[in-house]
Amino acid sequence: MKNLAIITQWASNLLIGLAGLGLVAMTVIISWQVFGRFVLNSSPSWSEQAALTLMIWFVTLAAAVGVREGFHIRITMLEDSVGPRARKAMRVLADLVVGAIGAAMLYWGGDLVARTWGHVIPSLGLSRGFAYLGLPLAGGLIVVFALERVLLELSGQSAADKEMA
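Residues numbered from 1 in each chain as written. Predicted model: local features only at pLDDT ≥ 70, side-chain atom pairs only at ≥ 80, totals over all residues. Heavy atoms only, no water.

Draft legend 1. Molecular detail of the overall build of the protein. If you tally the helices and strands in the protein, you get seven helices and two strands. Listed N to C, the secondary structure of the protein is α-α-α-α-β-β-α-α-α in terms of helices and strands. In terms of C-alpha radius of gyration, the protein reaches 19 Å, well past the compact-globule figure of 15 Å for 165 residues. Each principal axis of the C-alpha atoms in the protein carries an extent, and together these give about 65 × 35 × 30 Å. For the protein, the residues scored as buried account for 35% of the 165 residues in total. Partitioning the intrachain contacts of the protein with sequence separation of at least 6 by distance along the chain shows that 68% fall at a separation of at least 24. Total accessible area on the protein stands at roughly 9,900 Å², and carbon and sulfur atoms take up 71% of it. Across the protein, 12 positive and 10 negative side-chain charges occur, with their mean positions spaced 2 Å apart. (Helix = DSSP H or I, 4+ residues; strand = E, 2+ residues; numbered from the N terminus. Rg over C-alpha atoms; globule rule 2.2 N^0.38 Å. Buried < 20%, exposed > 50% of the residue type's maximum accessible area, 1.4 Å probe, protein only. Contact = heavy atoms within 4.5 Å. Areas by Shrake-Rupley, 256 points an atom, 1.4 Å probe, with all protein chains shown as cover. Lys, Arg positive; Asp, Glu negative; His and termini not counted. Charge placed at Lys NZ, Arg CZ, Asp CG, Glu CD.)

Draft legend 2. The packing of helix H1 (residues 2-38) against helix H6 (residues 134-154), seen in detail. Here H1 crosses H6 at 135°, and the two axes come no closer than 11 Å. It follows that H1 is oblique to H6 by the angle criterion. The chirality of how H1 crosses H6 is left-handed. Within the contact between the two elements, H1 uses Leu 4, Ala 5, Thr 8, Ala 11 and Leu 15 and H6 uses Leu 141, Val 144, Phe 145, Glu 148 and Leu 151. (Axes fitted to C-alpha atoms, helices over the stretch in contact; angles between N-to-C directions. Parallel < 35°, antiparallel > 145°, perpendicular 65-115°, else oblique. Left-handed = near helix turned anticlockwise from the far one by under 90°.)

Draft legend 3. Region of the structure containing the pattern of salt bridges. Inspection of every chain in the model, using the stated rule, returns six salt bridges. Close ionic contact of Arg 68 with Glu 69 constitutes a salt bridge, the shortest N to O distance being 2.9 Å. Taking relative accessible area as the criterion, Glu 69 reaches 29% and is therefore assigned partly exposed. For the salt bridge of Arg 91 with Glu 79, the shortest nitrogen-to-oxygen distance reads 2.7 Å. (Salt bridge = Lys/Arg side-chain N within 4 Å of Asp/Glu carboxyl O.)

Draft legend 4. Representation of the nonpolar core in the model. Core analysis: the biggest nonpolar cluster contains 19 residues, and Ile 29, Leu 54, Phe 58, Leu 61, Ala 64, Val 67 and Phe 145 have the highest contact counts within it. Only H1, helix H2 (47-69) and H6 provide two or more residues apiece to this core. With ten residues, H2 is the largest single contributor of residues to this core. If we skip the residues at most four places from it in the chain, Phe 145 touches Thr 8, Ala 11, Ala 64, Val 65, Val 67 and Arg 68. (Core = buried A, V, L, I, M, F, W, Y, C linked by side-chain atoms within 4.5 Å.)

Draft legend 5. Inspection of the environment of Ala 138 at higher detail. For Ala 138, the position within the fold is in helix H6. For Ala 138, the contacting residues outside a window of four places in its chain are Thr 60, Leu 61, Ala 64 and Met 105.

It is worth stressing that arrangement in space is one thing and function is another; only the former is reported here.
And the structure:
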């Protein structure tokens, strides 16, 4: 369990750093697009598609990190009103549902990538499948991160309690 935590913490830190870089890159690209449109009267043709591709990648990967770090919004009123055993069961069930959603992203995102790999984004010269590749990668990471949360909960170390601390 400790090795899994070390690996997932490393992956989480890396992904947050990449998501931050992606956000900065998107901001620079969109700023250049606005400057080009309103100052130069010539907006670059590649900027919108590049920003969208970055957004797909970095939003989905940051969402996966949100599963591990527990920074997604959740309502705990019902969870807080039940006893410890029911609370544990509710947390495990919630993490299993999140893991199932990650598995769906992995499966159908992979199918989307496979179906669109041969399509090229004209303004970028990149495969449309590459643009969507962040979806199955994030889905796989969500599965791993949700599994880690389930294992923590079952071992008596609540991931939710660690988030509150």
